[in-house]
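The chain contents come next:
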Number of protein chains: 2
Amino acid sequence: MTIGEGALLTKISRHFSPSASEIAEIKKLLGNHHEYAARIELLEDSEVLKAVLILNSGWGYSFRDLPNGLRQIIDFMIPGDFFGLRGIFLNGPSLGFASITAVDAAAVSPHSLLAVSRQWPRLGGAILWSASLQGSIAEERLVALGRRSAAGRVAHLLLELSVRLEFIGQGSSSGFFCPLTQHDLANALGLTSIHVNRVLRRLRQLGLVVFRNSEVEFLDRSGLMDIAHFDAAYLGLGREASRKIFGR
Amino acid sequence: MTIGEGALLTKISRHFSPSASEIAEIKKLLGNHHEYAARIELLEDSEVLKAVLILNSGWGYSFRDLPNGLRQIIDFMIPGDFFGLRGIFLNGPSLGFASITAVDAAAVSPHSLLAVSRQWPRLGGAILWSASLQGSIAEERLVALGRRSAAGRVAHLLLELSVRLEFIGQGSSSGFFCPLTQHDLANALGLTSIHVNRVLRRLRQLGLVVFRNSEVEFLDRSGLMDIAHFDAAYLGLGREASRKIFGR
DNA sequence: CGTTTGGTTGACCAAGTTCAATCAGAGTGG
DNA sequence: CCACTCTGATTGAACTTGGTCAACCAAACG
């Protein structure tokens, strides 16, 4: 089993325990995968985006651009995440996808996704569960942009990424590998990269986190959660699981 | 047929033409409805929120509160909208619901919603389509909070509400009934009500919109779309339908 | 090596918030 | 019918957060 299949399976296993034949079905879905270079963009008119992308490895993000050239990142995509589920039901233009690192992703046609959902209802349920999770994450980002300070947003995003990575068996509670640039953070958080830089400096000076050389290191996770008003419940792990991770 | 059933049916008819038996099924789903007073809140521990709410008439909104008491409105709910679909798949706490006007809503159990989806696949598809639409709306609000100015956000929201209302056969291209307070707008747009007030004054002075006495009146819709960077494509009506409504 | 990409810093500026009043309309009790 | 109260709208002045402009730096890479 490759690492990538591991990510989706690890994630799905948080939802239910797939049977051997369900696992085989997942592997079949992920069979038609492809490697994309770092920092490329798939726009809405791209042929690939007629399908759903399932990330096996690497990081990317979904985004919308405004006519004036400003870009808003909707969500970062890590292994095990789906891109373009919405496009199955909505005919309008969906989001754009951009890779951050090199990315290995499977392109699955809406048709086969629907077919699998019909034949393996529990897999269909897992897909809807994953889509719900991504919706919840987008809503929490909405809360962040609307009601959190710049420092709170940065802290919140770093904590969220940490939890999501642990969810697929990557990173640890003390830190994680993070290939984002400060510009990426800014585009996701509705800030400028200059201000993100200043916020990161302050968080470092306060002894809360260090983000340097593509590594996030938590120094005072509890303090960080305070300024972020972070409550992991929106990530779908019940409060018990949340307590287990954070020890409180 | 009551007005409320009309709203949901009108909306669904944009997606596909339901058969007589599908219409009957919808009416059955909406049978168990209830009237709620204006300005009440259903919190996450409420019994009602274990079910999905389908609005028949009246306005409400979904929200999340931060520990420090700040509230972020995720989306306004108008007749034909679903509340709580996400809770079916995600066990974490979903959002809170608050009524704005008096609201008539049907409470549908996740179980019967799933049963209907299985027996009437096209209705199931319409539900997923509606959920996708709401997700797209939330994402567009995310873009607004991240990358639009205060005036752009206000303008964008008013235009969005107008389109959504026309979608269910309410309001017209020249204006609509809008029971929101400036405080509601502020809570949705990540602003203070004081600043919303100033922005509305400016939009009025510029001869773009008037929002007064619960009525929105568009004076220069095209100019408003410019400062809002408004492109209705995210609302799922293809660009053709969009052109039909806006004449460009 | 030179170039490019991303990070860092400072001085200044502007959008939006906070605080503090005032005002208008709707409902309520006397 | 009239005070009283409550909610939401409105405005001004001072202030803060984050943005803009303009450098400069450091690592990576051809």
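Residues numbered from 1 in each chain as written. Chains lettered and ligands numbered in written order. Predicted model: local features only at pLDDT ≥ 70, side-chain atom pairs only at ≥ 80, totals over all residues. Heavy atoms only, no water.

Observations regarding the sheet that holds strand β10 (residues 209-212) of chain B
All names here are of chain B.
Logical step 1: The strand order across the open sheet formed by three strands is β9-β11-β10, and the pairing between neighbours is antiparallel. Sheet topology places β9 (175-177) and β10 at the edges, where each strand pairs with a single neighbour. Taken over all neighbouring pairs, the strand axes of this sheet differ in orientation by 5° on average, direction set aside.
Logical step 2: As judged from the three bridges shared by β9 and strand β11 (residues 215-218), these two strands associate in the antiparallel manner. Looking at the pairing, Phe177 lines up with Glu215 of β11.
Logical step 3: Each of β9, β10 and β11 is contacted by helix α5 (residues 150-167), which is oriented at about 80° to β9, the strand it contacts most. (Pairing = 2+ DSSP bridges. Helix = DSSP H or I, 4+ residues; strand = E, 2+ residues; numbered from the N terminus. Axes fitted to C-alpha atoms, helices over the stretch in contact; angles between N-to-C directions. Contact = heavy atoms within 4.5 Å.)

Observations regarding the protein's contact with DNA strand C
Logical step 1: By nearness alone, 15 residues border DNA strand C, and Gln182 and Asn197 of chain A together with Ala150, His195 and Arg198 of chain B come closest of all.
Logical step 2: Backbone atoms, meaning sugar and phosphate, make up 66% of the atoms of DNA strand C lying within 4 Å of the protein.
Logical step 3: Between DNA strand C and the protein, one listed contact pairs a phosphate oxygen with a side-chain N or O atom of Gln182 of chain A at 2.8 Å.
Logical step 4: Measuring from a phosphate oxygen of DNA strand C, one finds a side-chain N or O atom of Asn197 of chain A at 3.0 Å.
Logical step 5: Contributions of two or more residues to the surface near DNA strand C are made by α7 (193-205) of chain A together with α7 (193-205) of chain B.
Logical step 6: When residues of the surface near DNA strand C are assigned to their parent elements, the largest contribution, four residues, is made by α7 of chain A. (Near = heavy atom within 4 Å. Polar contact = N/O pair within 3.5 Å; in protein donor to acceptor, adjacent residues only side chain to side chain.)

Some points on the relation of the copies chain B and chain A
Logical step 1: You can overlay chain B on chain A at an RMSD of 0.0 Å; the transform is a turn of 180° with a shift of 0.0 Å along its axis. The transformation just described matches what one would write down for a two-fold rotation axis. Judged by C-alpha distance, Leu142 of chain B is the residue of chain B that lies nearest the rotation axis, at 2.6 Å.
Logical step 2: Both copies present the same face, since 100% of the interface residues in chain B are matched by interface residues at the equivalent positions in chain A. (Least-squares fit on C-alpha atoms with pLDDT ≥ 70 in both.)

Considerations on the protein's contact with DNA strand D
Logical step 1: Near DNA strand D there are 15 residues, and of these Ala150, His195 and Arg198 of chain A together with Gln182 and Asn197 of chain B occur at the shortest range.
Logical step 2: Backbone sugar and phosphate groups make up 66% of those atoms of DNA strand D lying within 4 Å of the protein.
Logical step 3: Contacts to DNA strand D include Arg201 of chain B, whose side-chain N or O atom sits 3.0 Å from a phosphate oxygen.
Logical step 4: Elements represented by at least two residues in the surface near DNA strand D include exactly α7 of chain A together with α7 of chain B.
Logical step 5: For the surface near DNA strand D, the residue count by class is four nonpolar, seven polar and four charged. (Nonpolar A, V, L, I, M, F, W, Y, C, P; charged D, E, K, R; others polar.)

Details of the packing of helix α5 (residues 150-167) of chain A against helix α6 (residues 182-189) of chain A
All names here are of chain A.
Logical step 1: In the contact formed by α5 and α6, the axes pass within 11 Å of each other and the chain directions differ by 110°. In terms of their interaxial angle, α5 and α6 are classed as roughly perpendicular. Where α5 abuts α6, its residues Arg153, Val154 and Leu157 lie against Leu185, Ala188 and Leu189.
Logical step 2: The class makeup of the residues in the contact of α5 with α6 is five nonpolar, no polar and one charged. (Parallel < 35°, antiparallel > 145°, perpendicular 65-115°, else oblique.)

Comments concerning the interface of chain B and chain A
Logical step 1: Every contact between the two is made by 44 residues of chain B and, on the other side, 44 residues of chain A.
Logical step 2: Of the roughly 3800 Å² buried at the junction of chain B and chain A (both faces included), carbon and sulfur atoms supply 63%.
Logical step 3: If you look at where chain B meets chain A, you find six salt bridges.
Logical step 4: For Arg64 of chain A, the salt bridge identified is with Glu140 of chain B, shortest N-O distance 2.4 Å.
Logical step 5: Viewed at the interface, chain A and chain B are joined by 20 residue pairs in polar contact (both at pLDDT 80 or more).
Logical step 6: Every element with two or more residues in the side of chain B that touches chain A is listed here: β5 (71-77), α4 (121-147) and α6 (182-189) of chain B.
Logical step 7: No other element matches α4 of chain B, which puts 16 residues into the side of chain B that touches chain A.
Logical step 8: Tallied by class, the residues present in the side of chain B that touches chain A amount to 19 nonpolar, 15 polar and ten charged. (Buried area = accessible area lost by both parts, 1.4 Å probe. Salt bridge = Lys/Arg side-chain N within 4 Å of Asp/Glu carboxyl O.)

A look at the pairing of strand β10 (residues 209-212) of chain A
Residue and element names in this part refer to chain A.
Logical step 1: Here four bridges tie β10 to strand β11 (residues 215-218), and the two strands are oriented antiparallel to one another. Residue pairing in the sheet places Arg212 in a bridge with Glu215 of β11.
Logical step 2: The antiparallel pairing of β10 with β11 creates a hairpin that spans two residues between the two strands, and Asn213 there sits at a positive phi of about 50°.

So, unusual backbone geometry
Negative phi values dominate among residues other than glycine, just as trans dominates among peptide bonds.
Logical step 1: Positioned with a positive phi, Ser214 of chain A is a non-glycine residue whose angle comes to about 60°.
Logical step 2: If you trace the backbone, Ser214 of chain A turns up in the loop between β10 and β11.
Logical step 3: Of the residues examined, Ser214 of chain A reaches a relative accessible area of 30% and is grouped as partly exposed.
Logical step 4: Residue Asn213 of chain B is not a glycine yet carries a positive backbone phi of 55°.
Logical step 5: Secondary-structure assignment places Asn213 of chain B in the loop between β10 and β11.
Logical step 6: Since its relative accessible area comes to 74%, Asn213 of chain B is described here as exposed. (Buried < 20%, exposed > 50% of the residue type's maximum accessible area, 1.4 Å probe, protein only.)

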